[in-house]
Each structure stands twice: as structure tokens, then as C-alpha cells.
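# A closer look at the structure
Chain by chain, the residues:
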Amino acid sequence: MTVAPSTFRFVSSNRRVREDRRFVAGQGRYVADIALEGMLHVAVLPSQHPSAKIVSIDASAALAMPGVHYVLTGDELAGATDQLMNGLDTPHVKRFPLAVGQTRYAGEWVAAVVAETRAQAEDATEKLRVVYEPLPFVLKAEEALRPDSPPVHPPHRSNVLLDKLFVWGEVDRHFAESPRHLSFRVTWGRNSTVPIETFGVAAAWDPWRDMLDVWASIQMPKYPDQIARALRIPANNVRVHHDVDVGGSYGVKRGIKQSVLVAHLARRVGRPVRFIEDRLENMRSGDAHGPDRIFDVDVAFNDDGIVKSMKIRALDNAGAYAGRAPFQLGKPIGAIVGPYKIESVQYRAQSVTTNKAMQEAVRGFGQAPTNYAIETAIDKVAAAVGLPRIEVRRRNFIRKEEFPYLIPSGSTYDSGDYHTVVEKVFKHADFEAMERERDRLRASGMLAGIGIAACLEPSGGNSSFEPLLNEKNTTTTWMDSCRINVDALGFVTVTIHTTSSGQGHETLVGTVIGEVLQIDPDMIRVVRPDTLACLPSNSPVGSRMAIMLGGAAFHAAQKLKTKLARIAAHQFGCGEDEVTFAASAASDKTGRSLNWAELVNIAHRNYHLLPQDMEPGLETTHVMQVPTGNKLPENGRVQMYPCHSFEFHLVLLTIDPDLGKPEIKRYVIGHDCGVVINPHIVRGMTLGGIAHGLGATLLEEFVYDEQGHLITQSFMDYLLPSSHEMPEVEIVHHCTPSPHTVFGQKGSGESGYLGSPAAISSAINDAVSPLGISFNKLPIRISAIGDAIADAQQNKTKESAP
Amino acid sequence: MKVELRVNGISRTADVEPRKTLLDTLRENFLLNGAHAGCEHGVCGACTVLIDGEPVRSCLMFAAQADGYEITTIEGLAPAPGELSVIQDAFCETHGLQCGYCTPGMILSAHALLQHTHTPSREEIVEAISGNICRCTGYGQIVEAVQFAADRLQKSSILRPEQVRRGHDAPKEGSLDAAKTGAPAEIVR
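Conventions used here
Residues numbered from 1 in each chain as written. Chains lettered and ligands numbered in written order. Predicted model: local features only at pLDDT ≥ 70, side-chain atom pairs only at ≥ 80, totals over all residues. Helix = DSSP H or I, 4+ residues; strand = E, 2+ residues; numbered from the N terminus. Buried ≥ 20, exposed ≤ 12 C-beta atoms within 10 Å, placed from the backbone. Contact = placed C-beta atoms within 7 Å. Pairing = 2+ DSSP bridges. Axes fitted to C-alpha atoms, helices over the stretch in contact; angles between N-to-C directions. Domains from an automatic or database assignment. Nonpolar A, V, L, I, M, F, W, Y, C, P; charged D, E, K, R; others polar. Right-handed = clockwise from strand over helix to strand, strands pointing away. Expected span 1.5 Å × (residues − 1). Core = buried A, V, L, I, M, F, W, Y, C linked by C-beta atoms within 7 Å. Left-handed = near helix turned anticlockwise from the far one by under 90°. pLDDT = per-residue confidence, 0-100.

Looking now at the overall build of chain B. For chain B, the count of helices and strands is eight helices and five strands. Listed N to C, the secondary structure of chain B is β-β-α-β-β-β-α-α-α-α-α-α-α in terms of helices and strands. Counting only residues that meet the buried cut, chain B has 51% of its 189 residues in that class. Here the contacts in chain B between residues at least 6 apart in sequence split such that 59% fall between residues at least 24 apart.

So, in C-alpha cells, the structure goes:
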């Protein structure tokens, strides 16, 4: 069912975000605020070697330290637990929370100490004596691909986790027939979302009730199931508490190894145990790095700049273990042609293990790097045919009237109006004036450039990439749920079944249910029961909650409304379809009316007045299936996500040629995510996403030295954008409703981030183009820009010398 | 060792190890959980508290060093349970936060700014919050919150807590012209 936009009372209105009140008062409840009676604390010992055999661990001195209760090694843990989940079919790539027999990256946890305080536990880790036998190691993805590279997991016999070739459409013919080709390589540096709160988890085991209670800074689908499997206990013996605020995640808060470690320790020592990563543990060994990816791209096009076909090879450096991270090569298949009418694509997805920290899901799940590669391709085509970059985009964009549009890899884009969004942005920004400003800045001696990027945000979070990359996986649902209960006094309480990590889900469901039932959203209580009282949820991943949780809330509210209409019709003695529901009251054509309190009273107290076969009380639930997500892949094609938001970035940037320091002078983004449910939330997501992308483009990288050690492991060398780096951003809105959702909404949780790296790098490359140089690797740091400019100027001087 | 700390106007004592930070002491000994550990090396600002009205990283200060100073945490800003200060309310109005983890530190930095700069420029706001890293918002709605709060404080007859506490000292130098608003005259009356 779809509601016409004109009738909205609360949806799309600029209402406050209800979660904010507790946070501004310092009353959030984060995992580090959970203090359990008798709780012990954990510190971990990191490996000093990127790869080494663990010969022996002597814990005697550590155990003699004050306050120390226990020292756990990988061997003991591996004997007591099952290996952590792998997404791909790679049974010999085994992962446990602590290194077992061998370390596979520098910083990997080798042993854990439990003590009365965290400080005592840290002190004791220094007394652990480990004898290592260093082994050969491999850090670079291309070296790991070679059959003779040292295998990170010897039983797996190779470092290749995934090597899959997809050919969608007549790639060979299109390449043969196209008059022009170009090839290039771009590299996306290893960075991550790096939330300000590190990962943390507290667990308590009650042997008399057979219950493991878990409080964690978690944002992960199937979390309790994974804990139960690893610990070999029934899933209904695991109770994860959802009333824990998560201090930022953006995908990475998936600390399954930390959770299994702490849960095992809580059982082993018989006391509650808590582990909060410190910043070094988080960055070096929290297993939360993001994609680390090389793209080799070939493009076939004509003299008009029309792109006919593309070949993309994506080689990802997964780090030491597989987990779920290689799927980040799969999700971008759902928008592999971007917003363009590219007729055929060849895509080779390769993932290899190396002796670096493991990856986790990062905002966009591989989409931002892919968009960077696609947008670089379009810029290069424009340069090759001598057309403005925007003109080439306009010529290749899917047109408004062509939706729904089936792309070669099997996804159908729901809706969009790319040309109009671009027009609106150009008009708002006065693009010609912006070009004049760039030229004026150039004339004044600065380097100045304009960056452009257009891209999609697939949203609605399905998991079709799982069966696409792993045939043994037959998942075709990624549901989310909502339950509404109206109590006997008429107050509404709603349950949602995941943690809060800043996306405003309480506001979302309050708004949606208030809209349907025509009651003040602020009167609706939203609670988050623990997992044993939960309906199925797959957590806020894949930009899905406006669509999936919003959808579930809408349908649950519709069911409730239907029930109220039936009760009213029964009293009126008329048909249900003759009852109208407005202002929380039901009435019929003759003017008879029952208000909310009367309807509630009948449902709760007057069974004799209820229609036959109706259950008393007022409670409804809805478990929502992802729209369009109902099939397994066929011939390497599948519908990935249901909805596709669009964003268009326009950036004016200068570089001081002496310092190499880029400065963003103007940033305009056109954003179309369909019908917006809460404008404050969508705006925050977009601005935050742009900042995150700015970091990935200019500042952030997990850099390893030749010896395999992470050298950017504090906030003094891994730089996050501050208020100084972030420009004022102007947002131009457009609304193309999705036909697949209840209000026409699409996702926005990844907005901004998916296009800002492409846009900012495009601006830098435009700025340095007069010097005949360009950058093809992110991040583009000040030092790299300064050096490249100096080299280019030196070469120019040499050339011009007689 | 025993330390005596004045926190949010109340004297409290704690028995701590000399190496214990002010942050850990506030959280563990006094159960004031609003200050958060982010990096614990003085960069992110999630642990910000006010020491004699100025923002300080409580992760870089030992509890023993804070002895004798006036410490203000986020818990000290709300005028009453369930009631927000003007700045806290402004953050709600513009949605100047998402996950809330950096928010207490951010609000305390903003609070300190608005104590001595009553009509801050955008640059002054950006500078004042530049020691507080927010990973969620991209800062746009935070800057708007501070602008909104400054505007409301200008127009409001509500005295700033610092004005009440310090009497005729407030506003300090570099701030708005005292004669312009008439507020200080009210304070000393």
C-alpha cells in the first residue's frame, strides 16, 4: 500500500529527533556504562610479528600479579569453542578470537588476562612470556595472488579467498565494436569508519538458569546466533540486551571475536567480564578495517562519449581472515553501472588473505570504492573525447522515463530523475560562475579545480550477494519487524529489535505509526526488548531501516487500524469498508462515531462486543520481507537491493601550490532519496557521510610498514576530519518516490559517503591538470600532493631549459 | 591516595591510584558517565570536561591534578532533572548529534565558548569545537546548534549559570559589549 504524499501529517515534517534528549544530557547508556556486580576486566596481549609460530606461552609471572584471575590462550579457547563464522565457503580459513598456533598479523591477540581492574590486567599482559618463531609474511594483494606467496592459512593452500568472473551482456562484442577504449588503475586505501567509541562487550553467565547475558556496542545481523554457535550452546541461552546505545558504527561494530572471548571468559571464571577496547586495540586489532582495493578498469566508448561496456577487476586485500568482508565485493554488483546506461559489464571479484588486520563491513559495503572507480572512468572518457565531464554524464544517464531500468547484472533500478537533480544543482550553484571563480583562482596563482560525481545508493539492505558469491548459501530474506501494543488505557508501545547507533529509529517508527494511526508521535513509546523477546531483525545495515523498519511499522499500524475498523463496523452493524478512520476515531456514513478510548475499551474489556473470532486486546506485529528480494541468483544475475537513491556532488577546491594543502571552497550536493521521513536525520546522514568520505579521500589510511607493522595507530597519525576540514555543505533536495515502499522513501544511511571520495578526487585532479599530473590512489595526502606538484614544476623547468 | 574534587558544585572525595585519570575517576568513582573515553590520548575530545570553565581533556589529567579546581561535567549543565539548558536544547532543535558519544564533550566546548563569546562568528564556533571529533554529523548541524543557542541566549532573559555564579565577572573580556544587552547590570543589581 502506498500513501499519497499530500496527506502526510508527520512524515517529512521537521520534527525533533526523540533520541537526542538523553544524549545531550550525557544520559546515553553505552557499554562502558554497564557496571555489573562483581565484574572483572580484560586486557589482551598483541603479537609482535605479522606471522609467527607460537612456540610457547608462559603465564606464571602474569598470574602472580595483583588482582589477576585468569590467563586465556588461543589453544584453550579453540578447544572450548567452534570457529567464528565465514561468509564464503572457505572451511580451512579458521578464525578464533585469539591466535591459535600461529599469529597472522602484527597486533593479533595472542592471550587475554582477566583481572579485578583493567589497569591490573594491562600490567599483567606485560609479564606474559611468549616464544615466537617468525614466519614469512605477505602484505600486498598482488603478491598474495601469486601461488608461491607465503600462505596466511597453510591448510587453505593459497591466499585466494574469492576469484569470480561475471560477464553480463555482450562485453567482447561491445569492446570490439567500440571505436575507443581506455584503461586505468585506481586504488582505494585501507581505511575505516573508526567510531569515537571503540568496540566493547560485557557478559555474564548464570549456570543456574543456563543464561548468557550480553551487553555490547553491536550493530550486526544474527549476532546472538553467532555467539551461540561459537560457544556450542542453544541460541535461547543467549540474551543480548538491545537497550545499549552504540557510540557510532557505520557498519563496523561487529565484534564477534571480542564477544565470544568475553562470553567464554565469563563462563570460565564464573564472574561477569567486560572488555572495552582501547584505541590502539581498536585500530590495530579490533578487526574493523575497511576495503583495501585495487581496480583495473577498461572502458569501451565512442567519440560522443557514450560508454558501451566496461571491464572491472577489483582485487581486495582482505587481511588475515575471511569473515564476511569479501561480500563487500558482491554488494556493488547491484549498481555496477552507476547511474549510466552501460550495456554490458565484465566484473572480476578477487579477495586475498594477507598478514594485515581483518576487514569488517564499512558504510556502503564496498559501494564507495566502486563508485570512485566508475566516476574516475567517466572523467577519463570526458577527457579523451574532449567534452565537459557533466556533458558525458548527461549523455550516459538513464532517463527518467526509462525506469524501472534493468541493469546488466540483474538489478532493476526502481526510479530516479538524474538529469533534473543535476539541473537543480547547477542552477543552485550557478555553475558558470563557479567555473569563472575557478579560473580567477588559477589566474591568482593557486591551483583550483571543480569536482563532479554522480552515483547511486542502493538501499533496503537485502543479502542477495551472499548466494551470488557462495552457492551453498540460499538466503532469500533479510526481514525486519515491528510490534505495536495498545494498552488498556490507550497508550501505544512499539517494539523494535536492534540497538541504537545514531540513526534515529525510535523517531522513525514513532513518526510512521503516528502518521497511520493519526496520533502524536511523541505519545508513542518505543522500546528495544532483549533478543529473546525479539521478532526477527537484520539490524541497520545496507541503508535499510527507513524502508524495512519503517515498512514493518507501517504495516503493523495498518493491521491495527484494520482491527479498529472491524470493531467499529461490528458496533455500527455496517461493513468494514464503510468505516472511516480519522483523528484516532472511527465513524460511519451516518455520523455514528467511536473515539480511540471507546475502541480501546471494547478491545480490552468487552469481549461480548468484539466480532466473532477476534482476539481480545490490541496488538499487531508485522515481519517485513525486503521488497523485490524473493529469488536466488540465476546465471550470475540477481536483484540486489530494492531502492536506489541518487546523489550528485559538485565541489570547488583550491590547492596552495607551495604547501600542497587542498581546501574545499564550496560543496554542493543534490540528493534524491525519495520521500524523506525525518529531514533532520537525512540531512545529518548526508553531511556526516560527506565528512567520512572527505577523510577517506584526503586523510585516513591504515598504513603498514615493510615489516608488517601498522604505523597509523593513533589519532595523531590516523587523522579524522575535524570541524576545520569540513566545509559548509549546501544540499539541494529532489524527491523521486520509490514505487516499492510505503511512503515512497528510499535509504539515506550511506548518502554523501558514496560520492564524496569520487567528487573530491575529481576536483583535485582538475586542479592539478594544468601541471599534467593526476592522482590515482586514495587517500591523496598533503604530502603526496606537495611532492607531485614540486616534481611536475621541476620537470617543466627542465623541459623549458634550452 | 585520597583526592578531594569539586564536581558540579559539590565537594566529593575518592581514594584513587596516583595514576588514575580524572576521566576514569569521574566515571568509576562518581558514576558520572557523561564524559566518554574515545582515544585516551588527547585528540578526540569525547572526555572533555570544564576545569574552572575551560574545556580540558579529562583523559590527559590525573584526578590528583584536578584537586582544588571547579570541575563541570555534562551532568552539571541541565538545570533540573528532565530539563535542558539552552545549549542542550539547541542541539536537539538542530539535531546536532547522532550517536551521542561525542555530544557531552561537544556541548561543554560550546558552553565554554558561549560563556565568553556571546555573538560568535562561524569561524569562532568552528575553532571552539575543532578539538572535539564527531564521526557522525560532519559538524554542520552542530555549528547550527551553537549559532542557534547563541541567538537564543542573546534574546533570552535566562541568566547563564556562569553569570549567576560569577556575578559581576561575567561576561569576560573579548565578549559582547556589556552595555549593549543590559544583562550584566541585572546580575549585579
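Next, the rest of the story.
Residue and element names in this part refer to chain B. With mixed pairing, the five strands of this open sheet are ordered in space as β2-β1-β5-β3-β4. A single partner strand is all that each edge strand has here, and the edge strands are β2 (10–15) and β4 (54–57). Each strand of the sheet is rotated relative to its neighbour by a mean of 45°, with strand direction disregarded. With six bridges connecting them, strand β1 (residues 2–7) and β2 associate as antiparallel partners. Across the sheet, residue Val 3 finds its bridge partner in β2, namely Ala 14.

The next point concerns the domain arrangement of chain A. Residues and elements named next belong to chain A. The domain boundaries assigned to chain A delineate domain 1 (5–27 + 479–624) and domain 2 (34–135 + 193–285). One C-alpha centre belongs to domain 1, the other to domain 2, and the line joining them spans 40 Å. If you look at the interface, domain 1 gives 15 residues, while domain 2 gives 18 residues. Residue composition of the side of domain 1 that touches domain 2, by class: four nonpolar, nine polar and two charged.

Here the focus is the sheet that holds strand β21 (residues 525–527) of chain A. All names here are of chain A. As summarised here, the arrangement of the four strands in space is β21-β20-β19-β25, forming an open sheet in which the pairing is mixed. In this open sheet, the two strands that pair with only one neighbour each are β21 and β25 (618–624). The average undirected angle you get between the axes of adjacent strands in this sheet is 15°. The pairing of strand β19 (residues 480–486) with β25 spans seven bridges and is antiparallel. Each residue of the ladder has a partner; that of Cys 482, found in β25, is His 622.

Residue and element names in this part refer to chain A. The sheet contact formed by strand β9 (residues 200–206) and strand β10 (residues 211–216) spans six bridges and is antiparallel. By the bridge assignment, Ala 204 is partnered in β10 with Asp 213. What sits between the antiparallel neighbours β9 and β10 is a turn of four residues, in which Asp 210 has the positive phi angle 50°. Here β10 runs beside strand β11 (residues 238–241); their pairing, made up of four bridges, is parallel. Across the sheet, the residue bridging to Leu 212 is Val 238, located in β11. For the segment spanning β10, helix α7 (residues 223–231) and β11, crossover handedness is right-handed.

What follows covers the interface of chain A and chain B. The partner chain B presents 40 residues to the 42 residues of chain A that form the contact. In terms of residue count, the dominant contributor to the side of chain A that touches chain B is helix α18 (residues 679–698) of chain A (eight residues). Tallied by class, residues from the side of chain A that touches chain B come to 19 nonpolar, 13 polar and ten charged.

Let us now look at α18(A). Its 20 residues place the ends of α18(A) 29 Å apart at the C-alpha level, agreeing with the 28 Å of an ideal helix rising 1.5 Å per residue. Here α18(A) lies mainly inside the structure; 19 of its 20 residues are buried.

In this section: the nonpolar core. With 299 residues, the main nonpolar core has Val42(A), Leu98(A), Ala112(A), Val113(A), Ala203(A), Ile513(A) and Ala553(A) as its most contacted residues. Among all residues touching Ala203(A), those that are not within four sequence positions of it are Leu212(A), Asp213(A), Val214(A), Val262(A), Ala263(A), Ala266(A), Pro272(A) and Val273(A).

What follows concerns the packing of helix α10 (residues 367–385) of chain A against helix α19 (residues 756–768) of chain A. All names here are of chain A. It is at 8 Å that the axes of α10 and α19 come closest, and there the two elements cross at 35°. Helix-helix and strand crossings are classified by hand; for α10 and α19 the assignment is right-handed. Counted together, Ala 368, Asn 371, Tyr 372, Glu 375, Thr 376 and Asp 379 of α10 and Pro 757, Ala 758, Ser 761 and Ser 762 of α19 form the full contact between these two elements. Considered class by class, the residues forming the contact of α10 with α19 number four nonpolar, four polar and two charged.

Once that is clear, we can look at the domain arrangement of chain B. Residue and element names in this part refer to chain B. What the domain assignment reports for chain B is domain 1 (2–76) and domain 2 (86–181). Counting only elements with at least two residues in the side of domain 1 that touches domain 2, the list comes to β3 (48–51) and β4. When residues in the side of domain 1 that touches domain 2 are grouped by element, the largest group, three residues, is from β3. Taken together, the residues of the side of domain 1 that touches domain 2 sort by class into eight nonpolar, five polar and one charged.

Residue and element names in this part refer to chain B. Per-residue confidence for chain B gives a mean pLDDT of 88; residues scoring 70 or more make up 83%. Contacts for the low-pLDDT stretch residues 168–189, under 50 throughout, to residues beyond four places or in other chains number 28 contacts. For this predicted complex, the interface confidence comes out at an ipTM of 0.97, alongside a pTM of 0.96.

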